[in-house]
Amino acid sequence: MHPAANVQFERIVDEYARWRAVSEQDRSPAPGWWWGPAFEALGVDQPMPAECCVNLALPDSATYADGARIFLKSLADQKFLPWPGDFPGKARHSHAA
């Protein structure tokens, strides 16, 4: 895996862990910026670092391709994507006049 793609993938793994830490009712939809790094890793059968496996709740022997499938699954049925400021939790907008 190209080093730049590796860095991007590990960044979204960290974001995924923060996103999953938010309760489901308060969690934003999965962000669209995960698509690119996930698709780049989809064909990579190289093992992921142990920390990535833990953050994605995958076994230690998981590959980048296994991790990519986690991201693609989280995005598959969504009808809209969050704004960057609404991630990882839903925005709490003020309706004050």
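Only a predicted model underlies this, so the values are computations on that prediction, with no experimental measurement involved. (Residues numbered from 1 in each chain as written. Predicted model: local features only at pLDDT ≥ 70, side-chain atom pairs only at ≥ 80, totals over all residues. Heavy atoms only, no water.)

(A) Local environment of the overall build of the protein. Regarding its fold elements, the protein presents four helices and zero strands. Ordered by position in the sequence, the α and β elements of the protein form the string α-α-α-α. Taken over 97 residues, the protein has a buried fraction of 37%. Looking at the protein as shown, the accessible area adds up to about 6,100 Å², and 56% of this sits on carbon and sulfur atoms. (Helix = DSSP H or I, 4+ residues; strand = E, 2+ residues; numbered from the N terminus. Buried < 20%, exposed > 50% of the residue type's maximum accessible area, 1.4 Å probe, protein only. Areas by Shrake-Rupley, 256 points an atom, 1.4 Å probe, with all protein chains shown as cover.)

(B) Summary view of the pattern of salt bridges. Taken as a whole, this structure holds two salt bridges when the rule is applied. Here Arg 69 and Asp 66 are joined by a salt bridge, their closest N and O atoms 2.6 Å apart. Remark: Asp 66 and Arg 69 occur in helix H4 (residues 64-75); sequence separation between them is three residues, near one turn of the helix. On the accessibility criterion, Arg 69 (45% relative accessible area) is partly exposed. (Salt bridge = Lys/Arg side-chain N within 4 Å of Asp/Glu carboxyl O.)

(C) Quick look at unusual backbone geometry. Here the residue pair Phe 87 and Pro 88 is connected by a cis peptide bond, since its omega of 5 degrees sits within 30 degrees of zero. Within the secondary structure, Pro 88 is located in the segment after H4. Unlike most non-glycine residues, Ala 57 shows phi in positive territory, near 55 degrees. Checked against the element boundaries, Ala 57 lands in the loop between helix H3 (50-55) and H4.

(D) Region of interest: the confidence of the model for the protein. Model confidence for the protein is summarised by a mean pLDDT of 87, while 89% of its residues fall at 70 or above. For the protein, per-element mean pLDDT is lowest for helix H1 (residues 3-21), which scores 89, and highest for H3, which scores 96. Throughout residues 93-97 the model reports pLDDT below 50, and contacts reaching past four residues in sequence, or to other chains, amount to one contact. (pLDDT = per-residue confidence, 0-100. Contact = heavy atoms within 4.5 Å.)

(E) Spatial organisation of the nonpolar core. Of all hydrophobic cores here, the largest spans 21 residues; its most connected members are Phe 9, Trp 34, Met 48 and Phe 71. At the level of elements, H1, helix H2 (35-41), H3 and H4 are the ones that each hand at least two residues to this core. Those residues within four positions of Trp 34 in sequence are excluded, and the remaining contacts are Ile 12, Glu 15, Tyr 16, Trp 19, Phe 71, Ser 74, Leu 75 and Phe 87. (Core = buried A, V, L, I, M, F, W, Y, C linked by side-chain atoms within 4.5 Å.)

(F) Seen up close, the packing of aromatic side chains. Tallying each qualifying case throughout the model produces ten aromatic pairs. Aromatic pair Trp 33 and Phe 87: ring centres 5.4 Å apart, planes at 75 degrees, arrangement edge-to-face. In this pair, Trp 33 is assigned in the loop between H1 and H2 and Phe 87 in the segment after H4, connecting sequence segments 54 residues apart. Relative to Phe 87, the ring of Trp 34 has its centre 5.9 Å away and its plane inclined at 90 degrees; by these criteria the two rings are edge-to-face. You can see Trp 34 sitting in the loop between H1 and H2 and its partner Phe 87 sitting in the segment after H4, a full 53 residues away along the chain. What links up through ring pairs into an aromatic cluster is the set Phe 9, Tyr 16, Trp 19, Trp 33, Trp 34, Tyr 64, Phe 71 and Phe 87. (Phe/Tyr/Trp six-rings, centres within 6.5 Å; stacked < 30°, edge-to-face > 60°.)

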